[in-house]
Structures are given as structure tokens and as C-alpha cells.
Amino acid sequence: MENKINKILNDLYEYDKGLKSRESELREILRIMLESRPEFQIDDSFARRLKNDLMLQRTEGVLDIKRVLQFNMNQIYKWGGVFATVALIAVFTVNLLPGPKLYQSGYEVSQAGKEAFGELKMNNTPPASRSQSGGGSGEMAIGLGGGGGGTSVFSPTFEPITFKYVYQGEEFSAGEPEQAVYKRIKQPNTKWTSGLIKKLDIGLFDLSSFDVNTVQYINIGEDKEYGYFFAINPTEGTITINENWSKWPDPFKECRDQACFDQNKVKISDHPDDATIIKIAKDFFAQHGLSTDGYSEPVVMNEWRTAYELATDKSMAWVPDVAQVVFPIKINGFDVLDERGLKTGLYVGVGIRSGRVKNVSEISALRFERSDYAVETDTARLKAIAEKGGFRSYNFEGGKVVQINLDSPFRSYIRVWNYKNETPQELVVPALIFPVKGELGRQYVQNVVVPLTKQILDEQEPPITIMERAN
Amino acid sequence: MVKLCQEGRLENFAHLYDHYLPKIYGFIYYRTKHKETAEDLTSIIFGKALRQINKYDSAKGTFSAWLYKIARNTLIDERRAKRENIDISNIDISEGIDYEQKADQNLRIEKVKKFLDSLTPEQREVVLLRVWDDLPYREIAEIVGKNEANCKMIFSRAIAKIRADGSLALLTLIFLNGK
């Protein structure tokens, strides 16, 4: 406060030096004025709700990445000779130019018509969570908690639990009756794949005698210490980088007894702070030219720590060998979440022992189409679904009942997969996220997620039709 | 950040919101002393700022002053709608204070209230923007539509008024007795 008063007085004296003689009086009046200033505390849920509403109000900005060459006709005549020379050189150098790119990097969202993606029925169970790092030595970091109920893998007591969800938040709104659904465009580059096939000489038979026109999966690697494998899926438009496990040290390789395993287990004190882990991930990206366009600032997934803190015998509690970093996909100003309400996007596994990146999964160019779909605006229905555990929830019956209290929801987006004709469509849909209140609840579940897109909700949670009583 | 928003990258408005929320909410709360009103008006202010972001011209002033102007105008509109005195610096600074616990301060606060009441609306507004909202004269000038030198003069004259009224002498006595 004194600094503030000094600043105000110094400004005053610059204007009227005569006031300096009254400094003690002025200092007191300013002090009283500052002390009498009303104190306030901004309600967190208000601040969060307003931010969500503002982000949903704004118009999506579509990046135009097309470059338009504009010729000045006068320039053509002036530079005609130069162009001709350049064209001639180009003819001779074309074979030296790199081939077409597999993916176009950068972030883009394009607008499609209403309900352009067809029916959104979650027909099949999605594949195993793509948030788990794959390959390598099998040491994975798995996030804890989420929207579903049922027995928690990380329940400290390992006994069956039945969750009872109780909403304790304020009145809320689902927002506009139609909201955008985003579909990721996989952009398989057929020129690239056909070009690759044409250059491939098997040597054992004539490949060109077949009509080979698609490449589904490519796995290439580095055969060196701390080398990597690169799994490229041109059809899905994704790439995964995994450690070449045979070229990375494995402390358990020579273990023959429990004592050896215990000795080589990673301890919680081995885990560096989040800033260090994130720096390792970012340095890897910078070194290898991996773009983070379209992603938000990364976070370390530390959900496993909740179970660790609650464990009575810490020596038996699980500590991951790999720290999981997620660079969340950014849509409409929001970090996209998974069905557990946790951030989702580009995943990076950082080895605790090696201090190196072990794997990067879900590398893809972020190209989306957006299309408007009807949203469920009946808040009573949305609350009822939340109190059942949310989207695609299941609850173990007959276990120890644990009450999970839910706070006021905030609006966000979640990533889901819709299967059409055996082909997965990756969608990002608007949703309400109900945070869990209290430490007791958060040891099991972090959030309860309820998607807002009506077709998705109706498929999973058909509304109850009240039959009219027959007279 | 503002430039990015004006280029269509409106997701950056979230950063502006995070930075200015406590300031704008404070501006409204100091003058209304009512949580629900402060929340409602803050929502309106940021909504207006988002919709009108392309109207902000950096050549004409700072973004902060532009936002405070929206806040000021929104508060005036709200008062007009309630048919209240549109002098937006007319506040009751003793409202909400626990008189039993802070009885020793009541007299001091009453005197400060008298001091503020003795000012012209223009003087009161500048004093509050400087002392409570902690804004520099440059921004105060943009908000109230005057030049910087004028605002310094207004503040100086407001402070000088204390002696002229003799209320400061009284205040000083109270402080000395209260210590």
C-alpha cells in the first residue's frame, strides 16, 4: 500500500510542488481511502462459466492457407526473360526436387453444411484408449480417473465400489440449440502412396503385375542406441514414434527375482518436476521439427499421484516409469478432452530413467471440418445423465457405496469415435464437464462427462417416453 | 493479443479475459457493492468487448482504457435503466461494513465519505479511478474524455479541497486519537 501511496503523491507533486508540505495529511487520507476500498472475491464458477460462454459466442476463425499468386501484367513483360530462364532451369532440376508430402502441416478448420457428417451413432465400442503410449518396453503411464463409474483400477482398497453421483452445483445452461461438431480430415495423400509403391522393387516377384494402390501401414526405424521406430498409417493419417526397445537399456532384462525388480523400480523421488518433463518433450519436438500448431500448452498427466498419496503402503503403490505429457488439441479456444474429461491430443512419453522421450503418439495434421448439429437443451435430462455417471458409464452393483458429488458443469469439447462402415470417424463434440467435488471423490473419478450433441446422447441414453394413461 | 483477436484469432480473447477480469469486476464492484450486479455487468462488458473488438483502434488509446470505457458506459446505462443518479461515482463507501467490529473506523470513513461527497462528480470520478482502480492519468484521461494534464489538475484540486473544507484537520485529529 505504501508504494501505491508514494506513486500517487509523486504524481501529485509533479503537478503541484506546493502539496509536498502537506505530505503527512495527504498520506493519511489516501491510506484511509485505500483501506475503505471494498474487498471482493470473484466466484470461480462464475469466472469459468463466463469464459466458456465468451469462447462459445465468438466466431470460429478459419485460416486460409491457400497462396494466391498475383501477377502484374507489366511485370510479366519486364521479367519475361527471367521467367523463361527460370523455367528452363526448372525442367532440368525437377527430378532432384523432393516428392509430394504425405501430410500438409498446420491447423485448419473448414465449414461444412448442417449435419454434413450424417448420422452420429456410436455404433461400436471405440478402440482401446489411444492415450496409452504404445510399443517400447511395455512400460506405460496410464491416467487415473474419468467419467465412467465402475470399479476403479486404482482403488486403494481394491474392493468393488458402487458410485452414487449427486449433483450439487448451480443451475446451468447447455447453450445454443445447435452447436458445431468437428470431424478430423484424415487427408491420405494418394499421390504419395502411389509414388512410393511405384518405386518399390521387391526383387522376389514383380510387384507391378498387381494393381497395388494403397499403403495401409509403414514401419521404419533407427537401428542404433536409443533409436526409434516410426509407425505411419497413411489411411488414418497418424504417425506414432516408439522407442526401438531392443536398443534402449532395460534394467529388468537380467532380473530373476523380486529383489532385483524392487531394486530397479522407479521411485517417486526419481520423478523430476513437471517443468523439466515438459522441457524434455519440447526439446525433442524442436530438435526434430515436430509442429505443435493447433495444440495448447502441454501438461503432465499426474492423475496416478492421487492413488499414490492415498496408498498406506507406499512401497506397493505404483509409480510409472514413463511420465505422460499431453499437448491438448485446441478447438474453438478450448482444450479438447477425452471421455474422462482429461485433456487429449498429442501424447509424449518421457522415460524417467533415461530422461529421454520414449514415444510420441497421435501425430497428425489437424485438419477439421465443422458442421452444426442439434444439442440437448433439457437440463433436467442432462443432470439425470450426469447423476448416472455420464456418457457410456457403467456402475458395479452391490459394492461399497461411494458418493461422488458433482460441481457446476462447464462447457467444453470431447473427442469421440463414430464408426461408419467399419471406418472410424474422429469427432470433437460439445459437452458438459461436471467436475467432481472433494478429495474423496477425486481419488476415483475426476469428472463426469455428458456430450451435448443430441444424436450421440439419444443413441447412448434414449429419453424416457411417458406413456399416457389409457382411459 | 488484441491484434490477434482483430485478425480473427478470437481464441486469444481468453487471455485478455484472464488479465482484465479482476480489474473490470473490481471497477464495477467498487461502485455497486453488489456481487450479482457486478457479475451481470461484467458479463455484459466482456460480451461487448468481444463483439466490438474490431472497433478498437490502438492509435486512439490503450486497450485497457477502451475496456474501462465500455465498463463505465455499461454502468451508466444500468443506472439510467434503474432511474438512478447517473453520477457513477456516487457511492456509499460505508455500505456493508460491520459497524460493531469496526466502530473505531466509522468516524474516519464517515469523514472520507463527506470528503468525497463534497467533490464535484468529475473530481470524484477521477479520484476513484486513481486511488481505487489504480489507473494512470493517461488512461483516466481516455476514459473520462479529457487530457492528462487536466486530470492531474482535477485530482490535485480535489485533494486541495480537503484543507479548504477543514475536514482534513478533523481527520488528522481522529487519526492521532485513534493511534
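A. Spatial organisation of the pattern of salt bridges. A complete count under the given rule lists 37 salt bridges over all chains for this structure. With its nearest N and O atoms 3.5 Å apart, the salt bridge here joins E243(A) to K358(A). Note that E243(A) is positioned in strand β6 (residues 238-243) and K358(A) in strand β12 (residues 357-363), a separation of 115 residues in sequence. This pair shows no difference in class: E243(A) is buried, exactly as K358(A) is. Where E39(B) meets K35(B), a salt bridge forms, and the shortest distance between an N and an O atom there is 3.2 Å. Placement of the pair is E39(B) and K35(B) together in helix α3 (residues 35-51), with a separation of 4 residues, close to one helical turn. Look at E39(B) and you get buried, because its relative accessible area is 12%. A relative accessible area of 33% places K35(B) in the partly exposed class. Here the salt bridges do not stand alone but share partners, grouping E2(A), K20(A), E23(A), R27(A), E28(A) and R31(A) into one network.

B. Structural view of the interface of chain A and chain B. On the side of chain B, 50 residues touch chain A, which itself brings 39 residues to the contact. At the boundary of chain A with chain B, the tally comes to 4 salt bridges. The salt bridge partner of D18(B) is K51(A), with a shortest N-O separation of 3.0 Å. Inspection of the chain A/chain B interface yields 5 residue pairs in polar contact (both at pLDDT 80 or more). Within the residue set of the side of chain A that touches chain B, elements represented by two or more residues are α1 (2-15), α2 (23-35) and α3 (44-57) of chain A. Considering each element in turn, the side of chain A that touches chain B owes the most residues, 9 residues, to α2(A).

C. Expanded view of the packing of α3(B) against helix α4 (residues 63-81) of chain B. Residues and elements named next belong to chain B. α4 packs onto α3 with a crossing angle of 130° between their chain directions and a minimal axis gap of 9 Å. The pairing of α3 with α4 is recorded here as oblique in orientation. Our pair here, α3 against α4, has a crossing hand that is right-handed. Between α3 and α4, the contacting residues are T37, L41, I44, I45, F46, K48 and A49 on the first element and W66, L67, I70, A71, T74, L75, D77 and E78 on the second. The residue makeup of the contact of α3 with α4, split by class, is 10 nonpolar, 2 polar and 3 charged.

D. Local environment of the packing of aromatic side chains. The full count for this structure, using the stated rule, is 28 aromatic pairs over all chains. Judged by centre distance (5.8 Å) and plane angle (75°), the ring pair of Y167(A) and F172(A) falls under edge-to-face. Both residues of the pair, Y167(A) and F172(A), count as buried. Centre to centre, the rings of Y182(A) and Y413(A) are 5.8 Å apart; their planes meet at 80°, and the pair counts as edge-to-face. You can see Y182(A) sitting in strand β3 (residues 178-184) and its partner Y413(A) sitting in strand β15 (residues 410-420), a full 231 residues away along the chain. Residues Y182(A) and Y413(A) agree in their burial class; the two are buried. The structure contains a cluster of three or more aromatic residues connected by ring pairs, namely F40(A), F46(A), Y25(B), Y29(B), Y30(B) and W132(B). The ring of Y226(A) is capped by R356(A), whose NZ or CZ atom sits 3.7 Å from the centre of that ring.

E. Representation of the nonpolar core. Within the largest apolar cluster, 116 residues are counted, with the highest numbers of intra-cluster contacts made by F13(B), F46(B) and F155(B). Among the elements that make up this core, the one with the highest residue count is helix α2 (residues 13-32) of chain B (12 residues). In terms of nonpolar packing, the next biggest core, distinct from the first, is built from 22 residues, A174(A), A386(A), V402(A) and V445(A) among them.

F. Seen up close, the state of the cysteines. All names here are of chain A. A complete count under the given rule lists 1 disulfide over all chains for this structure. Across the disulfide from C255 sits C260; the S-S distance is 1.9 Å. Its S-S torsion of approximately -70° makes the covalent link between C255 and C260 left-handed. For C255, a relative accessible area of 6% translates into the label buried. Looking at C260, the relative accessible area reads 19%, which means it is buried.

Procedures and definitions
- Residues numbered from 1 in each chain as written.
- Chains lettered and ligands numbered in written order.
- Predicted model: local features only at pLDDT ≥ 70, side-chain atom pairs only at ≥ 80, totals over all residues.
- Heavy atoms only, no water.
- Salt bridge = Lys/Arg side-chain N within 4 Å of Asp/Glu carboxyl O.
- Helix = DSSP H or I, 4+ residues; strand = E, 2+ residues; numbered from the N terminus.
- Buried < 20%, exposed > 50% of the residue type's maximum accessible area, 1.4 Å probe, protein only.
- Contact = heavy atoms within 4.5 Å.
- Polar contact = N/O pair within 3.5 Å; in protein donor to acceptor, adjacent residues only side chain to side chain.
- Axes fitted to C-alpha atoms, helices over the stretch in contact; angles between N-to-C directions.
- Parallel < 35°, antiparallel > 145°, perpendicular 65-115°, else oblique.
- Left-handed = near helix turned anticlockwise from the far one by under 90°.
- Nonpolar A, V, L, I, M, F, W, Y, C, P; charged D, E, K, R; others polar.
- Phe/Tyr/Trp six-rings, centres within 6.5 Å; stacked < 30°, edge-to-face > 60°.
- Lys NZ or Arg CZ within 6 Å of the ring centre and 35° of its normal.
- Core = buried A, V, L, I, M, F, W, Y, C linked by side-chain atoms within 4.5 Å.
- Disulfide = S-S within 2.5 Å.

Read these as spatial facts, not as claims about activity.
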